Amino acid sequence: MTVKHRYFIELSFDGTNYHGWQIQKNAVSVQEVLNEKFSIILREPIETTGCGRTDTGVHAKEFFAHFDIERYTDYRLWTVNEQENVLRSLNAILPHDIAIKRIFPVAADAHARFDATLRTYEYYIHFNKDPFKKGYSWELRDRPDIALMNKAAGIIKEYSDFSCFSKSNTQVKTNICKISKAEWIVKDDGIVFQISADRFLRNMVRAIVGTLMMVGKKEIEPEAVRNIIESKNRSNAGTSVPACGLYLTEVLY
């Protein structure tokens, strides 16, 4: 008789060298690398399921995934020491840009993606040339009007259908999302956009930031964001900003 046990993984990754989280044909993804290394350590095929997708080049400070394993002596769960040993062994063979923080047992029906209730992204922008931020923040020469962008961000929170910010031809069943936070804050020598929602569409955050930058540069008025959202047309929204400044920072269950 085979008994399966499910485990959650908490990890972080630098997305620079990856085509996002999800496995793709002819492109290296975080999920592909993680599955490969897990299978080596555990000596059986392992398939992970992530808490969501990330675009090419996007980073994650906090990311969760789950996997099932069947090979247990007496069908018991791993002890804490065994979990730590697997964690250390996995980190030893993973590339430098993927780090496992925790491995812990969960209920057999727990799901890294569908059980998540809130996700938070942050987008970083800096204004002074800094070689240590290249690839990890978007460098801008001119400072946008943060007050105007926050006014427009407040308008975005009033809506739930974000078809205008979604990448075309996706396989999702709905473009409805519940945004609970959308705010620009000043941090160090730059600004950070923080946004939280129950779910996000592909390319959504980068399209929102691109649209808010149009407001900040006074190319459109904050109220124009209403027309963009209500049009449900991606071509009416702003250009997607570079992926390098985007981080998944929190996932709640």
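Residues numbered from 1 in each chain as written. Predicted model: local features only at pLDDT ≥ 70, side-chain atom pairs only at ≥ 80, totals over all residues. Heavy atoms only, no water.

### A word on helix α3 (residues 146-156)
Operational definition: Partly exposed residues are those whose accessible area sits between 20% and 50% of the maximum for their type, while under 20% is buried and over 50% is exposed, using a 1.4 Å probe and protein chains only. Helix and strand assignments come from DSSP, with helices taken as H or I runs of at least 4 residues and strands as E runs of at least 2, each series counted from the N terminus. The arc in question is formed by the directions pointing from the helix axis toward the C-beta atoms. Under the rule applied, a polar contact is a pair of N or O atoms within 3.5 Å (in protein, one hydrogen donor and one hydrogen acceptor; residues adjacent in sequence only if both atoms are side-chain atoms).
Taken as a whole, α3 has its buried residues at M149, A152, A153, I155 and I156. One face of α3 carries all of its buried residues, which in axial projection span an arc of 155 degrees. With respect to the buried face of α3, the exposed residues turned more than 90 degrees away are A147 and K151. Two or three places before A147, at the opening of α3, D145 has a side-chain oxygen 3.1 Å from that residue's backbone nitrogen.

### Some thoughts on the packing of α3 against helix α4 (residues 204-216)
Note the cut-off: Lines fitted to C-alpha atoms define the axes here, with helix axes fitted over just the stretch in contact, and angles between the N-to-C directions of these axes take values from 0 to 180 degrees. In this scheme, roughly parallel covers angles under 35 degrees and roughly antiparallel covers those over 145, while 65 to 115 is roughly perpendicular and the rest are oblique. Crossings are classed by handedness, with left-handed meaning an anticlockwise turn of the near helix from the far one by less than a right angle and right-handed meaning a clockwise turn. Contacts: residue pairs with any heavy atoms within 4.5 Å of one another.
At their nearest, the axes of α3 and α4 sit 8 Å apart, and the two run at 135 degrees to each other. Regarding the angle of α3 to α4, the classification is oblique. Both α3 and α4 take part in a crossing whose hand is right-handed. For the pair formed by α3 and α4, the contact residues are L148, M149, A152, A153 and I156 on the first element and I208, L212, M213, V215 and G216 on the second.

### So, the pairing of strand β7 (residues 179-187)
So the rule is basically this: DSSP calls a pair of strands paired once it identifies at least 2 bridges connecting them.
Where β7 lies against strand β8 (residues 190-197), 8 bridges are found, and the strand directions are antiparallel. Bridge pairing in β8 links E183 to Q194.

### Concerning the pattern of salt bridges
Two side chains carrying opposite charge are able to pair once their charged atoms lie near each other. Let me state the cut-off plainly: The term salt bridge refers to a pairing of a side-chain nitrogen on Lys or Arg with a carboxyl oxygen on Asp or Glu at a separation within 4 Å.
Per the stated rule, a full pass over the model turns up 9 salt bridges. The residue D142 makes a salt bridge to R141 at a minimum N-O spacing of 3.6 Å. In this pair, the class of D142 matches that of R141, namely exposed. Within this structure, E158, E223 and R226 form a network of salt bridges that share partners.

### Looking at the environment of K173
Inspection of the secondary structure puts K173 in the loop between α3 and β7. Remark: the alpha-carbon pair of K173 and Y136, spanning 37 residues in sequence, is separated by 32 Å.

### Describing the nonpolar core
We apply this condition: Put simply, buried Ala, Val, Leu, Ile, Met, Phe, Trp, Tyr and Cys residues joined by side-chain atoms within 4.5 Å make one nonpolar core.
Ranked by internal contacts, the top residues of the largest apolar core, which has 76 residues, are L11, F38, F67, I103, F162 and F193. Sorting elements by how many residues they give to this core places α4 first, with 9 residues. In this view, I103 contacts Y7, F8, I9, F38, F67, W78, Q83, V86 and L87; residues no more than four positions away in its chain are not counted.

### Some details on the environment of E250
Along the chain, the position of E250 falls in strand β9 (residues 246-252). Between the alpha carbons of E250 and F63 there is a distance of 7.4 Å; along the sequence they are 187 residues apart. Among all residues touching E250, those that are not within four sequence positions of it are E62, L118, R119 and T120.

### Here we look at the layout of surface pockets
Stated precisely, the cut-off is as follows: Computed over the protein atoms alone on a 1 Å grid, cavities are sets of points where a 1.4 Å probe fits but cannot get out and pockets are open sets with protein on both sides within 12 Å along at least five of seven lines; a residue lines them when it has an atom within 4 Å of a point. Grid points are joined across faces, edges and corners, and a volume is the space filled by probe spheres set on the points.
Roughly 920 Å³ of volume is contained in the largest pocket. Lining the largest pocket are 33 residues; nearest its centre among them are G52, R53, R113, V172 and F200. Mapped by element, the contributors of at least two residues to the lining of the largest pocket are β2 (49-50), β5 (118-126), α4 and β9. The element best represented in the lining of the largest pocket is α4, accounting for 3 residues.

### Brief notes about the packing of aromatic side chains
To keep it simple, the criterion reads: For Phe, Tyr and Trp, where Trp contributes only its six-membered ring, two rings pair if their centres lie within 6.5 Å, and the inter-plane angle classes them as stacked under 30 degrees, edge-to-face over 60, or tilted in between.
Counted according to the given criterion, the structure contains 15 aromatic pairs. With 5.8 Å between their ring centres and 20 degrees between their planes, Y7 and F67 make a pair best called stacked. Here F67 lies in strand β3 (residues 59-69) and Y7 lies in strand β1 (residues 5-13), a separation of 60 residues in the sequence. Considered together, Y7 and F67 belong to a single accessibility category, that of buried residues. When the ring of W21 is compared with that of F63, the centres are 4.6 Å apart and the planes differ by 35 degrees; the resulting orientation is tilted. Here W21, found in the loop between β1 and α1 (30-42), pairs with F63, found in strand β3; they are 42 residues apart in sequence, far enough to count as distant.

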